[in-house]
Amino acid sequence: MREYRHPQITEVQLESVLYALSDPIRLSIVRQLAREGEASCAALENGRPKSSVSHHFRVLREAGIIKTRNDGTSRINGLRDNELAEVFPGLLPAILAVRS
């Protein structure tokens, strides 16, 4: 399985984070990860087409919001909430606190 590129936390830009979280599907993925911790791609699909979900994971990963790692044949996703808090204190909790 291929390894994914994750931006260094110092490379993460606020505009990219806000853009990634502006999509309702991506925001729901982030909310689910915040509630449940790490989850496989399959657990986060929620009946959506695999190609669509893969796109959303890529946007979230490239924005620096999630990290994806391989675990056997599964891909496991997790929030980079502690790292994001270092560069954007309070941002993720504030966004997740807003009811959708």
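Every chain's residues receive numbers from 1 upward, in the order its sequence appears when written. A pLDDT threshold of at least 70 governs which residues receive local features in this predicted model, and a stricter bar of 80 or more applies before side-chain atom pairs are shown or counted, although totals over entire chains, interfaces and linings include all residues. Just so you know, side-chain values use all the structure's heavy atoms and leave hydrogens and water out.

The protein is annotated in an unreviewed UniProt entry as DNA-binding transcriptional ArsR family regulator of Phyllobacterium myrsinacearum.

Colleague: I would appreciate a short explanation of the environment of Ile95 in the present structure.
Modeller: When you line up the elements, Ile95 lands in helix H6 (residues 91-97). Given a relative accessible area of 19%, Ile95 falls into the buried group. Separated by 74 residues in the primary sequence, Ile95 and Leu21 have C-alpha atoms spaced 8.5 Å apart. Whether two residues touch is decided by their heavy atoms; if any such pair falls within 4.5 Å, the residues are in contact. Excluding anything up to four places from it in sequence, Ile95 contacts Leu18, Leu21, Leu27 and Arg31. The secondary structure listing takes helices from DSSP runs of H or I that are at least 4 residues long and strands from runs of E that are at least 2 residues long, numbered from the N terminus. Categorising residues by exposure relies on relative accessible area from a 1.4 Å probe, with only protein chains included: less than 20% of the type maximum marks a residue as buried, more than 50% marks it as exposed, and the intermediate range marks it as partly exposed.

Colleague: Would you mind showing me how to read the packing of aromatic side chains here?
Modeller: Two descriptors summarise a pair of aromatic rings, namely the distance from one centre to the other and the angle between the planes of the rings. Any pair of Phe, Tyr and Trp rings, taking the six-membered ring for Trp, is counted once the centres come within 6.5 Å. Such a pair is stacked with planes under 30 degrees apart, edge-to-face with planes over 60 apart, and tilted for the rest. Inspection of the entire model under this criterion finds zero aromatic pairs. Think of it as a cone above the ring: NZ of Lys or CZ of Arg counts as a charge over the ring if it is within 6 Å of the ring centre and within 35 degrees of the ring normal. In this structure, Arg26 packs its charged tip against the face of Tyr19, placed 5.3 Å from the ring centre.

Colleague: I tried to follow unusual backbone geometry on my own but got confused; where do I start?
Modeller: What is expected of a backbone is that most residues other than glycine have negative phi and most peptide bonds are trans. In this structure, Asn46 is a non-glycine residue whose phi angle is positive, near 50°. Here Asn46 shows up in the loop between helix H3 (41-45) and helix H4 (50-62).

Colleague: Mind showing me how you'd approach the sheet that holds strand S3 (residues 74-79) here?
Modeller: The pairing of strands in a sheet happens through backbone hydrogen bonds and is either parallel or antiparallel. Here, a strand pair is defined by DSSP locating no fewer than two bridges between the strands. Spatially, three strands are ordered S1-S3-S2 in an open sheet, and the strand pairing comes out antiparallel. The sheet is open, and its two edges are formed by strand S1 (39-40) and strand S2 (66-71), each paired on a single side. Summarising the sheet, S2 and S3 pair through six bridges and their orientation is antiparallel. Looking at the pairing, Asn70 lines up with Arg75 of S3.

Colleague: Would you explain the confidence of the model for the protein in this entry?
Modeller: Detailed conclusions should not be drawn from predicted coordinates in areas where pLDDT is low. This prediction gives the protein a mean pLDDT of 92; 98% of its residues lie at or above 70. Each residue carries a pLDDT score, the predictor's confidence in it, ranging from 0 to 100. Predicted confidence in the protein is weakest over H3, with a mean pLDDT of 85, and strongest over helix H1 (residues 14-21), with 97.

Colleague: Honestly, the pairing of S3 in this entry has me stumped. Any pointers?
Modeller: Consecutive side chains of a regular strand alternate in pointing toward one face of the sheet and then the other. Pairing geometry for S1 and S3, over two bridges, is antiparallel. Pairing of Ser40 across the sheet is with Ile76, part of S3. The hairpin turn running from S2 into S3, its antiparallel successor, is two residues long, and Gly72 in that turn takes a positive phi close to 65°.

Colleague: Would you take a moment to explain the nonpolar core for this structure?
Modeller: Counting 24 residues, the largest nonpolar core has Leu21, Leu60, Ile65 and Leu84 as its most contacted members. Within the residue set of this core, elements represented by two or more residues are H1, helix H2 (24-36), H3, H4 and H6. Setting aside residues no more than four positions away along its own chain, Leu84 makes contact with Ile9, Val12, Val17, Gly64, Ile65, Pro89 and Leu92. What we call a nonpolar core is a set of buried Ala, Val, Leu, Ile, Met, Phe, Trp, Tyr and Cys residues that are connected through their side-chain atoms within 4.5 Å.

Colleague: I tried to follow the UniProt feature "domain: HTH arsR-type" (unreviewed entry) in the protein on my own but got confused; where do I start?
Modeller: UniProt positions are given in the numbering used here, feature names are shortened, and annotations may be inferred rather than shown by experiment. The sites that UniProt annotates as "domain: HTH arsR-type" (unreviewed entry) are residues 6-99. Along residues 6-99 one finds 56% helix and 15% strand; the C-alpha atoms at either end are 29 Å apart.

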